[in-house]
Amino acid sequence: MAYLWWHIYVILSITLLVFAVDKSNFKTCDQSSFCRRLRGVKPGESKYELDLDQLEITDDSVEAKLLNTEAGVLFKFSLTAINGNIFRVQVDEASPLYPRFRPQFALNGELQVAKLKLIERNKDFVSVGYNRNKVKIHARPFKIDFFENDDLISVINGRGLFSFEHYRKKQEQAEDGGEIVEDPGSWEENFKSHHDSKPKGPSAVGVDVSFPGALRVYGLPEHADRLPLKTTRPGGTDPYRLYNLDVFEYELDSTMALYGAIPVVYAHSTKRTLGIFWHNAAETWVDVNNSKDGLVASIVNLVSGSSNDNNVDVHFMSESGIVDLFVLMGPTPKDAVKQYASLTGVHPLPQYYTLASHQSRWNYNDEDDVTTVVQNFDANDMPIDTMWLDIEYTNSKKYFTWDPIKFPHPETMINNLTATGRKLIVIIDPHIKRESGYFVHEESISNGYYVNNKDGAVYEGWCWPGSSSYLDFYKPETVEYYKNLYSLENFKGTTHDVNIWNDMNEPSVFNGPEITMPKDCIHHGGWEHRDVHNEYALSHTVATFLGLIQRSPNRRPFILTRGHFAGSQRYTAMWTGDNTADWSHLAISYPMCLSEALGGISFCGADIGGFFNNPDAELLQRWYQGAVWLPFYRAHAHIDTRRREPFLYSDDVKNRIRNALRLRYAHLPLWYTVFWQHETTGEPVIRPLFYHYPEDENVLDIDDELLVGDSVLAKAITEAGVSNVNVYLPGGDSELWYDIEDYKLYRGTGNHNIPVSLDKNLAFYRGGRIISRKDRPRRSSKVIHNDPYTLYVASDSNGKAGGYLYVDDKESYGYKKNEYLYVYFSFDGKVLSGVSVDKSDYPTTEWIEKVVILGPPEGIRGARLESGSLGVAELDVSYSKDERALVVRKPGVSVRERFTITLY
């Protein structure tokens with residue numbers, strides 16, 4: 001009976017949360033003891049000094065003792081240069097009472113150190129150099145200045161907010177017999193009905209970083225906020241919180257924590273960009289101050305000796321761990337983002353189908369429902385690649401099982417999907433149902449695979465199955481066991497065409513503090529959950545990734561996660577979680593995914609239509625149109641929403657959504673190529689305008705537009721009933737932009753007011769780029785694998801263009817063995833040519849069936865093809881779209897071979 005009442009409680013709680021986030025379930029900074037303490041440190045009163053008399057300088061590092069002069073405690077300080085124009089600053093206790101946690105999964109392998117050059121050394125400071133950079137380390141008070149040439153660009157501890165709470169034994173009274181006054185919550189803390197025992201006591205670390213001359217700061221995903229970070233102040237806006245949490249129908253324009261935590265920021269001006277990566281997995285709060293609000297400039301100018309009126313200041317505060325930060329020296333946005341990628345990795349090239357359209361809801365009822373949905377997509381001539389199953393497919397919420405009534409023949413269902421070119425993705429969460437006889441629970445109990453509570457017993461919380469325990473992925477034996485669960489022998493009914501959705505992995509605990517795991521739970525190695533919390537979801541997806549690799553060694557795994565941390569991009573895509581069917585949630589999807597891309601996670605999307613509530617027809621079709629230009633393209637909906645598959649609507653709505661789907665599929669070659677470039681260069685797949693136009697001050701706050709690679713600019717239409725939309729097109733008078741639908745030419749001179757109908761998709765090809773498309777409508781991406789390409793040549797102001805196309809088998813790791821084709825197309829105003837640019841090859845049968853030249857030369861009467869296999873051939877040409885385009889028909893040449901097409 002207790003079990004039944006608990007489920008009723010959970011259902012009622014969730015029903016209430018559906019209508020709005022209950023902010024009282026989540027802490028503010030004032031309710032967090034360590035945030036109160038560190039936010040209360042007064043600027044300009046630093047109590048930390050470096051002992052430069054015992055300074056050690058090697059080829060690649062500077063090391064010294066750092067003294068807390070008030071407490072008399074010594075710390076170890078080091079500064080290291082990292083290849084790629086990066087500095088690393090670390091501070092740890094010299095003789096800790098307990099070891100301090102360092103994240104285990106965020107960094108992408110061993111870092112390559114670079115050589116430092118000693119410039120100057122005396123009793124007050126030491127200066128070292130690397131490339132064009134100089135670092136000046138001050139002893140009293142402790143402060144670090146970073147210079148590019150002679151320009152001061154960043155200051156660590158410039159405001160004197162550096163804090164490091166060393167582990168210590170609790171004292172009941174001071175040595176003089178007086179009372180010790182400490183912040184309530186330093187040694188134990190309560191929130192609502194939950195108690196945090198804090199067995200090791202206070203352990204927070206914090207540091208401020210100033211950016212003289214900066215105009216904006218970006219980063220700190222995941223927040224439902226604008227791309228430029230806002231100013232936060234005590235008594236006003238809370239700091240940005242990084243603490244992975246399960247937040248229903250989250251609030252917009254908020255610094256509240258969400259499902260992911262990536263502690264990286266980029267400070268930007270029209271002269272330079274640099275970044276800070278705060279390598280810490282504990283709960284973190286980050287205060288941001290912008291000089292445009294008048295608070296920071298005078299302080300930073302005073303401590304740094306700068307006279308620049310523009311400054312940005314950030315203050316990182318974490319509950320535990322060490323001080324470990326990387327300074328990404330830029331100097332351009334591209335440089336800084338690639339430097340972060342060099343530390344934490346990139347998303348490996350995904351399977352082709354994962355970039356196509358995904359259809360999901362909580363939940364498709366049974367096997368017949370799955371089959372019928374796919375059949376209706378086909379009957380309505382709408383492409384679809386993947387069906388998704390939420391938790392109801394399982395046998396009573398037991399993962400790695402199937403409901404024997406609703407899904408009695410899963411392998412047959414999957415094979416039927418595969419036969420039509422489709423795939424299946426199913427959900428697997430980290431909580432395990434505590435039920436006698438359930439093999440995963442029995443084996444996890446027997447072998448100690450679960451997280452323990454503070455008393456050393458297995459931790460028990462509540463999630464979808466009811467009473468649950470949580471797998472400890474910090475234990476190697478747990479990871480080995482878990483990855484074996486994905487084998488076809490253990491996860492019976494699955495095939496190599498099934499991939500995985502990892503949800504609820506913040507972790508979500510319905511009866512836990514802030515709907516997550518208590519901080520005093522214990523993981524393998526004796527680490528408290530407070531130390532590892534933000535990395536827990538990443539540890540989960542690493543284990544899933546290893547399981548899929550072991551199951552299907554030559555298939556690239558696809559995993560979607562909700563919880564994420566720095567480095568998650570090496571294993572998984574993500575989505576923005578439980579959004580709502582509202583225009584504002586459509587609008588926020590662009591800045592949220594742009595922020596994730598700057599944080600390393602390019603494979604981002606938002607639930608099309610909104611997870612909660614019911615979108616009207618206009619919102620739904622606008623969402624399908626706007627989401628075309630986000631990397632992950634999935635429709636998903638709550639169990640209580642009305643069915644909203646696009647074939648259920650009127651002919652007009654179906655036609656608009658069909659066109660949006662076809663536009664997405666036409667651009668799959670572009671998405672695939674840009675993901676290849678992401679893996680090989682570290683550049684994000686989608687980019688804010690300031691990334692490519694860093695000197696244009698007008699783009700600094702634009703986050704309702706994005707760039708796909710360097711070729712397409714898109715803007716979602718995020719208001720109902722509009723007939724005109726303002727679009728900012730950057731680059732100046734010489735930069736050309738072509739409307740992708742009517743090929744109308746616009747110059748990059750700023751704001752353009754563009755008429756829109758319900759059919760309009762706002763996107764532009766950038767002049768100077770060649771975009772490869774597949775324009776034949778098909779039912780799935782598998783069917784278009786061998787279809788021919790149409791090349792869209794968007795001429796620049798000189799009549800020239802260039803662009804790349806990447807081709808391989810679209811699913812295996814053969815590309816790691818040079819089994820791929822990477823083609824560069826160029827156009828000089830009269831001659832279009834194609835040539836392979838890598839020492840690689842792939843035996844594709846794909847060919848070019850059409851060339852569309854935007855902004856074409858005048859007076860063209862014909863074209864001549866020359867290639868090795870076809871020799872010389874005359875081609876038909878004609879102007880279209882009011883002579884905005886020149887169409888060259890049926891070149892018929894393989895993309896594998898060198899060719900030229902000469903216009904005359």
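Use the structure listed above.
Scope of this entry: the structure provided in the associated data block.

The rules behind each value
- Residues numbered from 1 in each chain as written.
- Predicted model: local features only at pLDDT ≥ 70, side-chain atom pairs only at ≥ 80, totals over all residues.
- Heavy atoms only, no water.
- Pairing = 2+ DSSP bridges.
- Helix = DSSP H or I, 4+ residues; strand = E, 2+ residues; numbered from the N terminus.
- Axes fitted to C-alpha atoms, helices over the stretch in contact; angles between N-to-C directions.
- Buried < 20%, exposed > 50% of the residue type's maximum accessible area, 1.4 Å probe, protein only.
- Polar contact = N/O pair within 3.5 Å; in protein donor to acceptor, adjacent residues only side chain to side chain.
- Contact = heavy atoms within 4.5 Å.
- Expected span 1.5 Å × (residues − 1).
- Core = buried A, V, L, I, M, F, W, Y, C linked by side-chain atoms within 4.5 Å.
- Phe/Tyr/Trp six-rings, centres within 6.5 Å; stacked < 30°, edge-to-face > 60°.

Side note on the sheet that holds strand β26 (residues 461–463)
Overall, antiparallel pairing links the 3 strands, which are arranged β25-β27-β26 in an open sheet. Because the sheet does not close on itself, it has two edges, and the strands there are β25 (431–433) and β26. Looking at each pair of strands side by side, their axes are set apart by 60° on average, direction ignored. Here β25 runs beside strand β27 (residues 466–470); their pairing, made up of 3 bridges, is antiparallel. Following the sheet pairing, Lys433 is matched in β27 by Ser468.

Remarks on the pairing of strand β24 (residues 423–427)
Within a regular beta strand, the side chains point alternately toward one face of the sheet and then the other, so they alternate between its two faces. The buried fraction of β24 is high, at 5 of 5 residues. Neither face of β24 is exposed, since Lys423, Ile425 and Ile427 on one face and Leu424 and Val426 on the opposite face are all buried. Where strand β23 (residues 386–389) and β24 come together, 4 bridges link them in parallel fashion. Its bridge partner lying in β24, Trp388 is registered against Ile425. In this sheet, strand β28 (residues 498–502) lies alongside β24 in parallel orientation, the contact comprising 4 bridges. Across the sheet, residue Leu424 finds its bridge partner in β28, namely Val498.

Some details on the sheet that holds strand β36 (residues 712–715)
Across the sheet, which stays open at both edges, the 6 strands sit in the order β34-β35-β36-β39-β37-β38 with antiparallel pairing between neighbours. Both outer strands of the open sheet, β34 (686–687) and β38 (745–755), are each paired with one neighbouring strand and no more. Both strand β35 (residues 705–708) and β36 contribute to a ladder of 4 bridges, which runs antiparallel. Among the inter-strand pairings, Leu706 is bridged to a residue of β36, identified as Ala714.

Here's the deal with the side chain of His667
Inspection of the secondary structure assignment puts His667 in the loop between α12 (651–666) and α13 (668–681). A residue is classified by how much of its surface remains accessible, and His667, at 0% relative accessible area, is buried. Here the side chain of His667 touches Tyr765 through a polar contact of 2.7 Å, side chain to side chain. In contact with His667, other than residues within four places in its own chain, are Trp629, Tyr765, Ile771 and Arg773.

Things to note about α12
The terminal C-alpha atoms of α12 lie 22 Å apart, and with 16 residues this matches the ideal 22 Å at 1.5 Å per residue to within 8%. For α12, the set of buried residues is Val653, Lys654, Arg656, Ile657, Arg658, Ala660, Leu661, Leu663, Arg664, Tyr665 and Ala666. On its buried face, α12 sits against β22 (357–359), α11 (617–627), β33 (633–635), α13 and β40 (769–773).

Quick word on the nonpolar core
One finds Leu389, Trp402, Leu424, Trp629 and Ile686 to be the most contacted residues of the largest nonpolar core, which totals 196 residues. Among the elements that take part in this core, helix α10 (residues 583–598) stands out by supplying 9 residues, more than any other. Judged by nonpolar contacts, the second largest core, of 55 residues, contains Leu66, Ala81, Phe142 and Val314.

Quick look at the packing of aromatic side chains
All told, the structure shown has 56 aromatic pairs when counted by the stated rule. Judged by centre distance (5.9 Å) and plane angle (85°), the ring pair of Phe400 and Tyr482 falls under edge-to-face. One end of the pair, Phe400, is in the loop between β23 and α6 (410–419); the other, Tyr482, is in helix α8 (residues 476–485), with 82 residues separating them in the sequence. There is no split in this pair, since Phe400 and Tyr482 are both buried. Consider the rings of Phe825 and Phe899, whose centres lie 6.2 Å apart with planes at 50°: the pair is tilted. Of this pair, Phe825 sits in strand β43 (residues 821–827) while Phe899 sits in strand β50 (residues 899–903), placing them 74 residues apart in sequence. Phe899 shares its class with Phe825; the two are buried. Through successive ring pairs, a cluster of aromatic residues spans Tyr352, Tyr672, Trp676, Tyr804, Tyr806, Tyr813, Tyr815, Tyr820, Tyr822 and Tyr824.

Describing the environment of Ser867
With respect to the helices and strands, the residue Ser867 is situated in strand β46 (residues 863–867). Dropping the residues within four chain positions of it, Ser867 is found in contact with Val893, Glu897, Arg898 and Phe899.

Points about unusual backbone geometry
Keep in mind that most residues, glycine aside, have a negative phi and that most peptide bonds are trans. With an omega of 20°, the peptide bond running from Gly330 to Pro331 counts as cis. As for its position among the elements, Pro331 is in the loop between β21 (323–328) and α4 (333–344). In this model, Asn85 sits at a positive phi of 75°, which is unusual for a non-glycine residue. With respect to the element layout, Asn85 can be found in the loop between β3 (73–82) and β4 (86–93). You can call Asn85 buried: its relative accessible area is 12%. The backbone of Lys397 sits at a positive phi, close to 65°, despite the residue not being glycine. For Lys397, a relative accessible area of 22% corresponds to the partly exposed category.

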